[in-house]
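Below are the chains, spelled out letter by letter.
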Amino acid sequence: MQYFINNLFKLSVLRLSFFISLLISCSGSASDEGGSGPTEPVDVIPSELSLSVNVIGADDNQPNGDGFGVVEFTASATNGVSYSFRFGTGDSKTSSGKVQYTYTEVGTKTYDVKVLAYSSTNNYVSIDKKVTVYVKPDSEASLLELLAGTSSKTWKINAAQDAHFSNGVQDKKYSTYWEASAFSKNNSGFYDDKYTFYVDGTYKHITNNTVFGKASHLTNDFGSTSQSSNAQGEIENYNLADYQTTFVAKKDGEENKLEINGKGFIGFYVGQQNYTIECHDSNNIYLRAIDESENIAWYVWLTAKEVSDINPKDQFTNLMWSDEFDEPGTLDSSKWVHEVGDSWYNNEVQSYTSRLENSKVEDGKLKIIAKKESYNGNNYTSARIISNTKMDFTYGRVDIKAKVPGAKGTWPALWLLGSNFRTVEWPKCGEMDILEASQSNNFKVQSTVHHPDNYGEGDTNITNEYSDITENFHVYSLVWTKQALTFYVDDKPHHIVGNSCALPFNWNQFIILNVAMGGTMGGEIASDFVSDSMEIEYVRIYQ
């Protein structure tokens, strides 16, 4: 009995051991040799996430891009399989590591960009970066057409015109300090520059390796140089390679504004990328920029045509009107009108008449004769003849060959007045004095323009080169263009005034020939004065 019980116990123990072994075998680790049971999932965590940003068109001149707003983003991470790009605008994209995005908000804006890198187990890490992007606004259609035409348009400095390059006070829209004569900057590096505008907003500046500008601005913005500056603090040929950027042209109230992106510029560099278009037609632009360090306005005239090599005085060759005064007697009434009257401006004391005693054609010359005589309450008579309603014109060259009186108190003048003088009045109509002479300037050649901003003494110059104008004939000329008014004696220029759309010298004017007596410029009349005359051989207008 005891033997049976012992064997039964041993058998139970063996069965229990087998059962326990079986349980252990069934629950073993999948990593155990020969194991085949299920595994717990293991998280895969991305690491070493990096993000590179390429703002398209960014360079030293335009660090925030070319204005089109396109940015390329590239992300990579260890164990990263997909990436979510969030651009700081509310937009997002998912890719395998590279995306392109276009920002559209106009201006220079900074965005907070976030990228999330995901692993195969959907675990992620993130990275943040700030991105600054410039987006140019759309140009106003009419200005874009002006600058770029239907595809592209190239402009150059119009070196063939006087006042093609000039400067003045900041609060005016035209030059007041200085005007360059034609071709006078031939040794500088901007006559051969080309400025090309494209309808897509691209701007190309072909520098031909040199540009012209203020030394301080050039070196501050583009780097120091061994080139020395001139006496005016300018570097005439600063080394600068061709470049490309973008532009925008917009209307702002009454102003037409042009902005070149980055460090782009036009003409003479004064550290400025913002311009106003003060005058324009399809082939001409008058640009203004402010040198803020000196509070000076700088101007250039651009042309879309080939720049002429002809001097301004020779650009008008078509004789379209003249009087050679070869028919003796009275004036040709088809060309001239007498202005008559007894009360005049500037404290003058003469009566103007249409009598032969005061004006006549004789010996191939027009003679305007000032006389001392009692007439309609005055003590002096003279003549004032005008071409108004007979010959009114805009732009051209006027040549007048004359000899002027020199008696004390006489005030001879050869000049032009705006044809709209009856409606807008003086000085809004504009006045261009080719020649005035009197005792107040010692009978020297004085040339002046008058307009609303400068109507007293005007913008004037007296040349002392000619001391014989009361004894000999000289040719007094005005070359009048949309760029400048240039005054000559015997084909030699002595006074340049820059023209502008802000000035009243872009509409019809007419010629006036007269001899006044006394007044603010004529001064005291000699007590022994009897008579004196101005003689004119011809008046010619070329266009």
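Quick note: structure is the one above.
Residues numbered from 1 in each chain as written. Predicted model: local features only at pLDDT ≥ 70, side-chain atom pairs only at ≥ 80, totals over all residues. Heavy atoms only, no water.

Chemist: What should I look at first to understand the sheet that holds strand E3 (residues 82–86) in this one?
Modeler: Working definition: the strands of a sheet are paired by backbone hydrogen bonds and lie parallel or antiparallel to each other. Strand order in the open sheet made by the 4 strands is E4-E3-E6-E7, with antiparallel pairing throughout. Across the chains shown, the open sheet's two edge strands, defined by having one partner strand only, are strand E4 (92–95) and strand E7 (124–135). Recorded for the sheet is a direction-independent mean angle of 20° between the axes of neighbouring strands. (Pairing = 2+ DSSP bridges. Helix = DSSP H or I, 4+ residues; strand = E, 2+ residues; numbered from the N terminus. Axes fitted to C-alpha atoms, helices over the stretch in contact; angles between N-to-C directions.)

Chemist: Where do I start with the packing of aromatic side chains in this structure?
Modeler: Aromatic ring pairs are described here by two measures, namely the spacing of the ring centres and the angle between the planes. Under the counting rule described, the total for this entry stands at 32 aromatic pairs. Note on Phe 190 and Tyr 191: the rings are 5.3 Å apart at their centroids and 15° apart in plane angle, and the pair reads as stacked. Tyr 191 carries the same exposure label as Phe 190, and that label is buried. One aromatic cluster in this structure is built from Phe 197, Tyr 203, Phe 222, Tyr 238, Tyr 243, Phe 247, Phe 265 and Tyr 269. Over the ring of Tyr 488 we find Arg 397; its NZ or CZ atom is 5.8 Å from the centre of that ring. Over the ring of Tyr 538 we find Arg 540; its NZ or CZ atom is 3.5 Å from the centre of that ring. (Phe/Tyr/Trp six-rings, centres within 6.5 Å; stacked < 30°, edge-to-face > 60°. Buried < 20%, exposed > 50% of the residue type's maximum accessible area, 1.4 Å probe, protein only. Lys NZ or Arg CZ within 6 Å of the ring centre and 35° of its normal.)

Chemist: For this particular structure, what's the right way to read empty space enclosed by the protein?
Modeler: A probe matching the size of a water molecule, rolled over the atoms, marks out where space remains unfilled. Going through the model one piece at a time under the given rule, you end up with 1 cavity of 30 Å³ or more. Here the largest cavity is characterised by a volume of approximately 80 Å³. Residue lining of the largest cavity: Phe 165, Ile 266, Phe 268, Val 270, Tyr 275, Leu 287, Arg 288, Ala 289, Trp 298, Tyr 299 and Val 300, and that is the complete set. Listed by contribution, the elements that provide at least two residues to the lining of the largest cavity are strand E18 (284–291) and strand E19 (296–303). Counted by class, the lining of the largest cavity contains 10 nonpolar, no polar and 1 charged residues. (1 Å grid on protein atoms, 1.4 Å probe; cavity = no way out; pocket = protein on both sides within 12 Å on 5 of 7 lines; lining within 4 Å. Points joined across faces, edges and corners; volume = space filled by probe spheres on them. Nonpolar A, V, L, I, M, F, W, Y, C, P; charged D, E, K, R; others polar.)

Chemist: Help me understand the nonpolar core in this model?
Modeler: The nonpolar side chains of soluble globular proteins are, as a tendency, buried together. If you look at the biggest cluster of nonpolar residues, it comprises 56 residues, and the most contacted ones within it are Leu 513 and Ile 536. Residues in contact with Leu 513, not counting those within four places in the same chain, are Trp 336, Leu 366, Ile 368, Ala 383, Arg 384, Ile 385, Ile 400, Ala 413, Leu 414, Ile 536 and Val 539. Membership of the second largest hydrophobic core comes to 42 residues, among which are Phe 197, Tyr 275, Ile 285 and Trp 298. (Core = buried A, V, L, I, M, F, W, Y, C linked by side-chain atoms within 4.5 Å. Contact = heavy atoms within 4.5 Å.)

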